[in-house]
Amino acid sequence: MSETILEMRGITKTFPGVKALQDVNLDVREAEIHAIVGENGAGKSTLMKVLSGVYPAGSYDGQIVYKGQEQHFKSIRDSEHVGIVIIHQELALVPLLSIAENIFLGNEQAKAGIVDWDETRDGARKLLSMVGLKEDPDTLVTNIGVGKQQLVEIAKALSKEVKLLILDEPTASLSEKDSAALLDLLVEFRRQGITSILISHKLNEISKVADRITVIRDGRTIETMNKEQISEDRIITSMVGRSLDDRYPGRTPQIGEVVFEVKNWSVYHPQHRDRQVIKNIDINIRKGEVVGIAGLMGSGRTEFAMSLFGKSYGQKISGEVFLHGKKVDTSSVGKAVSHGIAYATEDRKTYGLNLIDHIKHNTTLANLAGVSKFGVIDDMAEMDVANDYRKRTNIRSSSVYQVTGNLSGGNQQKVVLSKWLFANPEVLILDEPTRGIDVGAKYEIYTIINQLAAQGKAILVISSEMPELLGITDRLYVMNEGRMVGEMPTAEASQEKIMRAIVRAEGKAS
Amino acid sequence: MTTETAPSGITATGEKVKVQELSVWGALQANMRDYGLMLALILIMLFFQYFTNGVLFKPVNLTNIILQNSYIIVMALGMLLVIVAGHIDLSVGSVSGFVGALAAMLMVGWRFPPELAFLANPFVAGAICIVVGAVIGAAQGYLIAYHKIPSFIVTLAGMLIFKGLSLAILAGKSVGPFPAEFQLLSAGFIPDLIGPTTLVAASEGVQPLVLHTTSLVIAIIGVVAMIGFAIHGRSRRKARGYESEPFGLFVAKNLVIAAIVLFFGYMLASYRGLPNVLVVMALLIALFVFITKRMTFGRRIYALGGNLKAAALSGIKTERLTFYVFAIMGALAALAGMIYAARLNSATPKAGQGLELDVIASVFIGGASALGGVGAVAGAVIGAFIMGVMNNGMSIMGVNIDWQQMIKGIVLLAAVFFDLYNKNKA
Ligand SMILES: Nc1ncnc2c1ncn2[C@@H]1O[C@H](COP(=O)(O)OP(=O)(O)OP(=O)(O)O)[C@@H](O)[C@H]1O
Ligand SMILES: [Mg+2]
């Protein structure tokens, strides 16, 4: 057994009104992959922010012992100085700078303040090859996908001579292929003696690569499991405090007539007028039906949904939308909402929430009419609504007055969901509704989806997790490069069948 | 290894719907900023009261402070919306100057043919001025909202344009005086419907003390209404279990506010009564508090400034909303311009210049965020009074204008610094 590289002892951290961490202990051994799991809001990110000096010494209680020495990090720079590098849940790259510039940001390859561009590029190239990313270092970060951006973050960490790499939900928005590549990289790092701490809600990944797992619940350490003890069921039981027999709640679908129909939908790229992003799509959803759209990252699913929802994406949009057989105008978000169409975004920070305002105001924002008369808000009614949805979606917060920017990632996602549930739409489009959400809460969200379907709503779910789609939908569309390339009842679908549809389409395209 | 059985189920969620009553200290901390600002204003007033040898609190001076700052406060209300929406309006000073000039030309400058003579009527002219202000604001708002030109640039251009236009229509001269009705806007006081009451008759060696009873009664009615609303709101929240403010604090807060209002009401009543413009201001303040706190329109402005994209994707018509905000700002700038002109009793080409800086500073001292989405009407009003009292106090003390500017700049910085410090500590 290798030595302990890091020990955190009795860490307690309080925010006004919330005890985020209480007497948490963590020990990490040299060159292992140590996973941290726990429900949304359990305190995982907070613990890592304590470790990396985002919350400076003095703002928490407890001890951090790194390589045998007690540390008092005052800032991120201090922790980086000893080789601890954190990659946050939300990526921190500058979109309009190049890959090379991002890698060396704050750590420029410069002499006397003058940047040595050759050195910068060479250095970047070396680091990129270490993480297996084949991109020109001069490419702007905005022009590469999230998966690659994640690798750039890691390259940036390597440039700081990392000894202990912390990754907070690195694979949440990655495709399966990119996720696998990233995990392989961690395994490779382990071989080279770099220790990793990995936070993730994807338990299958964790059981695959982690050497040990620490479970946190309600701000406390529950246990640390060794390799031989690890199993998904075991993790879940420890995480939520009870066993979860099924991952997907059962239901008997009652499917009626077609409610929502889209015909011949085409969209062009917002900047490049000639690039067609969505190509002649036809879909329909029936009453009480849960329909899924499967596809790889970048297949255009979000773009399709957003263009449908008040032309929120793209230009030169053409096609028709029918509700109960009648053609409707969805050319602005207001009109779409007034027809009972809702879209809950996958990108909660950019499109979902007013991060500086609290839960209550965010919950009612899409349906202020529901809590007001003649433009005057009934604050008591609003309070009731906010509390009700906070309870239904199980949002973990001190009260409905907690600012959403201070919520944990998963709980932010639940606020976005609450907002659209309260808008009470007839057609609900959910884009990656469980991204970053823990297993227990996922189950609750599926239950809510089932309830909505039972009420006769039409639901469209976009998800990159195929087991999820297979678990909760009635019918599936498969999308690839802006086209619908397959449709099947979920009962007859499988991951292989979906992949085959995608591969077949790609074969045709080339 | 630790194995611990924590309570089963998913805890720490919304089981307890009822809001817990905070401790007095907790409630004070939670509202630190509001109380802090109020306290700062009181301290500043006491400071000047002392260093002006008691001149500051003289009824005549208090009346002056209100008259001198009324137009700033009127514009600060609109500026608050603009800043909360994530924009800025640099043109308000020039627009107010321009509208003041327009008012003067309509009422006394231009010779209308008989069939158009009604335009010179102070009420007609006043209405025209407000509409012109709203149209100016709307035009700028249109460019900002629908053509996405940054507000900084549009209103910077507006500032130059209307500065030039005032000069042009006044032909470089001062125009006045205004008709008597128009002067009442700034120089008038609430007429004595009841009273006045003579408390101390004039006699040898004794200053007479005459109280304008009507004004005092209005102040008392205002206080009673305010307390009534507060009690009603509290009992409503209490009934639903949503009250968090400790009772003691609630009583203390309302008593203090009532005492302050009554004190100033009494002071004003003992001079010439409530100025008309104060009544206009109070109504506008109440209206804007209501808009920002209770109306969907106000709520949407906060959402727009907090996250434009999320607001748009929630079905908020962000463009139209921005447009309205600037139109309202324009109308208020027009009103302020008229108050200013009525106060000077003439329109001058330089009127209004630089006022935008005081207005913007007031809103930021009041706690608004330059990034949008944060700010309160009460804060902006107190911020304006802080600036106003400092101006007034320093003038009485005979502080040079150069020093005055520097001190105001430092106070602005200190207020914003204090804000950020507070936020980071939390
Ligand atoms: N700045 C803050 N102010 C107040 N409360 C906070 C702040 N940051 C975090 N919290 C609270 O601390 C708790 C722990 O949050 P944290 O982000 O660590 O959760 P997490 O385990 O990372 O969850 P997730 O899986 O959803 O990312 C939450 O209840 C959150 O609301
Ligand atoms: Mg987290």
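As the structure is a computational prediction, the values presented were derived from the model and not from experiment.

S.K.: Help me understand the overall build of chain B, please; the structure alone is not making it clear to me.
M.R.: In terms of regular secondary structure, chain B is built from 16 helices and two strands. Rg of the C-alpha trace for chain B: 24 Å, near the compact-globule value of 22 Å for 426 residues, within the 12% margin. Dimensions along the principal axes, computed over C-alpha positions, put chain B at roughly 95 × 65 × 45 Å. Counting across all 426 residues of chain B, residues that qualify as buried make up 46%. Here the analysis covers contacts within chain B between residues at least 6 apart in sequence; of these, 77% occur between residues at least 24 apart. Just so you have it, chain B exposes about 20,300 Å², and 70% of that area is on carbon and sulfur atoms.

S.K.: Looking at this structure, how should I read the interface of chain B and chain A?
M.R.: Interface size is commonly expressed as the accessible area that is lost once the parts come together. Contact residues are listed per partner, giving 42 residues for chain B and 51 residues for chain A. Both faces combined, the contact of chain B with chain A buries some 3,900 Å², and carbon together with sulfur accounts for 55% of it. Scanning the region where chain B abuts chain A turns up three salt bridges. B:R236 is the partner of A:D379 in a salt bridge, and the nearest nitrogen-oxygen pair spans 2.8 Å. For the side of chain B that touches chain A, the secondary-structure elements that each account for two or more residues are α8 (213-240), α10 (276-294), α11 (296-306) and α12 (308-313) of chain B. No other element matches the six residues that α11(B) contributes to the side of chain B that touches chain A. Tallied by class, the residues present in the side of chain B that touches chain A amount to 18 nonpolar, 14 polar and 10 charged.

S.K.: In this structure, what is going on with the pattern of salt bridges? I would like to understand it.
M.R.: Opposite charge on two side chains permits pairing when their charged atoms draw close. All told, the structure shown has 29 salt bridges over all chains when counted by the stated rule. A salt bridge links A:D27 to A:R212, with the shortest nitrogen-to-oxygen separation between them at 3.5 Å. Residue A:D27 is found in strand β2 (residues 18-29), and its partner A:R212 is found in strand β11 (residues 212-217); the two are separated by 185 residues along the sequence. A salt bridge links B:E319 to B:K148, with the nearest nitrogen and oxygen atoms 2.7 Å apart. Note that B:E319 is positioned in helix α13 (residues 318-344) and B:K148 in the loop between α5 (122-146) and α6 (151-170), a separation of 171 residues in sequence. We classify B:E319 as partly exposed; its relative accessible area is 34%. Its relative accessible area of 53% is what places B:K148 among the exposed residues.

S.K.: Explain α10(B) to me, please; I cannot follow it from the model alone.
M.R.: Every α-helix carries 3.6 residues per turn, so stepping three or four residues along brings you back to the same face. Residue and element names in this part refer to chain B. Taking 1.5 Å of rise per residue, 19 residues should cover 27 Å, and α10 covers 27 Å from first to last C-alpha, within 8% of that figure. Among the residues making up α10, those that are buried are N276, V277, L278, M281, L284, I285, F288, I291 and T292. Contacts made by the buried residues of α10 are with α3 (59-84), α7 (180-187), α9 (247-269), α11, α13 and α15 (377-397).

S.K.: Looking at this model, I keep getting lost on the domain arrangement of chain A. Mind explaining?
M.R.: Residues and elements named next belong to chain A. The domain architecture assigned to chain A consists of domain 1 (4-240), domain 2 (258-340 + 425-509) and domain 3 (352-424). Taking only C-alpha atoms, the centre of domain 1 and the centre of domain 3 are 31 Å apart. Counting residues at the interface gives seven residues for domain 1 and eight residues for domain 3. The largest contributions to the domain 1 side of the interface with domain 3 come from V18, N40 and G41, which together make up 61% of the buried area. In this structure, the connection of domain 1 to domain 3 is made through two salt bridges.

S.K.: Looking at this structure, I do not really get the sheet that holds strand β17 (residues 326-328) of chain A. What am I missing?
M.R.: Either a parallel or an antiparallel arrangement is found when strands of a sheet pair, and the pairing is made through backbone hydrogen bonds. Residues and elements named next belong to chain A. The sheet built from four strands is open, its strands ordered β14-β13-β16-β17 with antiparallel pairing. The sheet is open, and its two borders are formed by β14 (276-286) and β17, each paired with just one other strand. Here the strands of the sheet are splayed against their neighbours by 15° on average, with no regard to which way each runs. Two elements, strand β16 (residues 315-323) and β17, share three bridges in a ladder whose sense is antiparallel. Note that in β17 the partner of F322 across the bridge is K327. Of the strands in this sheet, β13 (258-268), β14 and β16 are in contact with helix α9 (residues 301-308), which crosses β13 at around 110°.

S.K.: What am I meant to see in the nonpolar core here?
M.R.: One broad rule of soluble globular proteins: the nonpolar side chains tend to lie buried together. By size, the foremost hydrophobic cluster in this structure holds 181 residues, and its most contacted members are A:F260, A:W265, A:F304, A:W420, A:I459 and B:M79. No other element matches the 17 residues that α3(B) contributes to this core. Counting the residues that make up this core, at least three belong to each of domain 2 (258-340 + 425-509) and domain 3 (352-424) of chain A. In terms of nonpolar packing, the next biggest core, distinct from the first, is built from 33 residues, A:L93, A:F104, A:L127 and A:L186 among them.

S.K.: I'm lost on the site of ligand 1 in this one. Help?
M.R.: Residue and element names in this part refer to chain A. Taken together, 20 residues lie near ligand 1, and G41, S45, T46, H201 and S408 sit nearest. In the environment of ligand 1, an oxygen atom lies 2.7 Å from a nitrogen or oxygen atom belonging to the side chain of S45. In this structure, an oxygen atom belonging to ligand 1 sits 3.5 Å away from a main-chain N or O atom of G409. In isolation ligand 1 has 640 Å² of accessible area, and contact with the protein removes 91% of it. Contributing elements (two or more residues each) for the shell around ligand 1: β2, α1 (44-51) and α14 (409-422).

S.K.: Teacher, can you tell me more about the environment of A:F374 here?
M.R.: Residue and element names in this part refer to chain A. Mapped onto the elements of the fold, F374 is located in the loop between β19 (372-373) and β20 (376-377). A residue is classified by how much of its surface remains accessible, and F374, at 82% relative accessible area, is exposed. Along the sequence, F374 and L353 sit 21 residues apart, while their C-alpha atoms lie 25 Å from each other.

S.K.: Is there a simple way to think about a positive patch on the surface in this case?
M.R.: A grouping of A:K497, A:R500, A:R504 and A:K508 is seen on the molecular surface, where their side chains present a positively charged patch. Its location among the elements puts A:R500 in helix α17 (residues 495-509).

S.K.: What is the right way to look at the sheet that holds strand β1 (residues 4-15) of chain A in this model?
M.R.: Residue and element names in this part refer to chain A. Pairing is antiparallel in the open sheet, where four strands are placed in the order β2-β1-β4-β5. Because the sheet does not close on itself, it has two edges, and the strands there are β2 and β5 (69-70). Set on the sheet, α1 makes contact with β1, β2 and β4 (61-66); between it and β1 the angle comes to about 115°.

S.K.: Please clarify how the packing of helix α5 (residues 146-159) of chain A against helix α6 (residues 176-191) of chain A should be interpreted in this entry.
M.R.: Residue and element names in this part refer to chain A. Where α5 meets α6, the closest approach of the two axes is 10 Å, and the angle between their N-to-C directions is 15°. The orientation of α5 with respect to α6, classified from their angle, is roughly parallel. Here α5 and α6 pass one another in a crossing that is right-handed. Contacts between α5 and α6 involve G147, Q150, L151, I154 and L158 from the first element and D178, L182, L185 and F189 from the second. For the contact of α5 with α6, the class distribution of residues is six nonpolar, two polar and one charged.

S.K.: Just checking my understanding: could you explain the packing of aromatic side chains for this structure?
M.R.: Two aromatic rings are characterised by how far apart their centres lie and by the angle between their planes. For the structure shown, the criterion picks out 19 aromatic pairs over all chains. On the basis of an interplanar angle of 40° and a centroid distance of 4.7 Å, the ring pair of B:F47 and B:F51 is categorised as tilted. Of this pair, B:F47 and B:F51 both sit in helix α2 (residues 32-51), four residues apart, roughly one helical turn. Centroid distance B:W110 to B:F112: 6.4 Å. Interplanar angle 75°. Geometry classified as edge-to-face. Using a relative accessible area of 35% as the deciding quantity, one classes B:W110 as partly exposed. Residue classification places B:F112 among the partly exposed positions, given a relative accessible area of 24%. Pairwise contacts between aromatic rings join B:F47, B:F48, B:Y50 and B:F51 into one cluster. A:K13 extends its terminal NZ or CZ atom over the ring of A:Y55, reaching a point 4.4 Å from the ring centre.

Thresholds applied
Residues numbered from 1 in each chain as written. Chains lettered and ligands numbered in written order. Predicted model: local features only at pLDDT ≥ 70, side-chain atom pairs only at ≥ 80, totals over all residues. Heavy atoms only, no water. Helix = DSSP H or I, 4+ residues; strand = E, 2+ residues; numbered from the N terminus. Rg over C-alpha atoms; globule rule 2.2 N^0.38 Å. Buried < 20%, exposed > 50% of the residue type's maximum accessible area, 1.4 Å probe, protein only. Contact = heavy atoms within 4.5 Å. Areas by Shrake-Rupley, 256 points an atom, 1.4 Å probe, with all protein chains shown as cover. Buried area = accessible area lost by both parts, 1.4 Å probe. Salt bridge = Lys/Arg side-chain N within 4 Å of Asp/Glu carboxyl O. Nonpolar A, V, L, I, M, F, W, Y, C, P; charged D, E, K, R; others polar. Expected span 1.5 Å × (residues − 1). Domains from an automatic or database assignment. Pairing = 2+ DSSP bridges. Axes fitted to C-alpha atoms, helices over the stretch in contact; angles between N-to-C directions. Core = buried A, V, L, I, M, F, W, Y, C linked by side-chain atoms within 4.5 Å. Near = heavy atom within 4 Å. Polar contact = N/O pair within 3.5 Å; in protein donor to acceptor, adjacent residues only side chain to side chain. Patch = residues over 30% accessible without salt bridge, like charges linked within 9 Å, V, L, I, M, F, W, Y side chains within 5 Å. Lys, Arg positive; Asp, Glu negative; His and termini not counted. Charge placed at Lys NZ, Arg CZ, Asp CG, Glu CD. Parallel < 35°, antiparallel > 145°, perpendicular 65-115°, else oblique. Left-handed = near helix turned anticlockwise from the far one by under 90°. Phe/Tyr/Trp six-rings, centres within 6.5 Å; stacked < 30°, edge-to-face > 60°. Lys NZ or Arg CZ within 6 Å of the ring centre and 35° of its normal.

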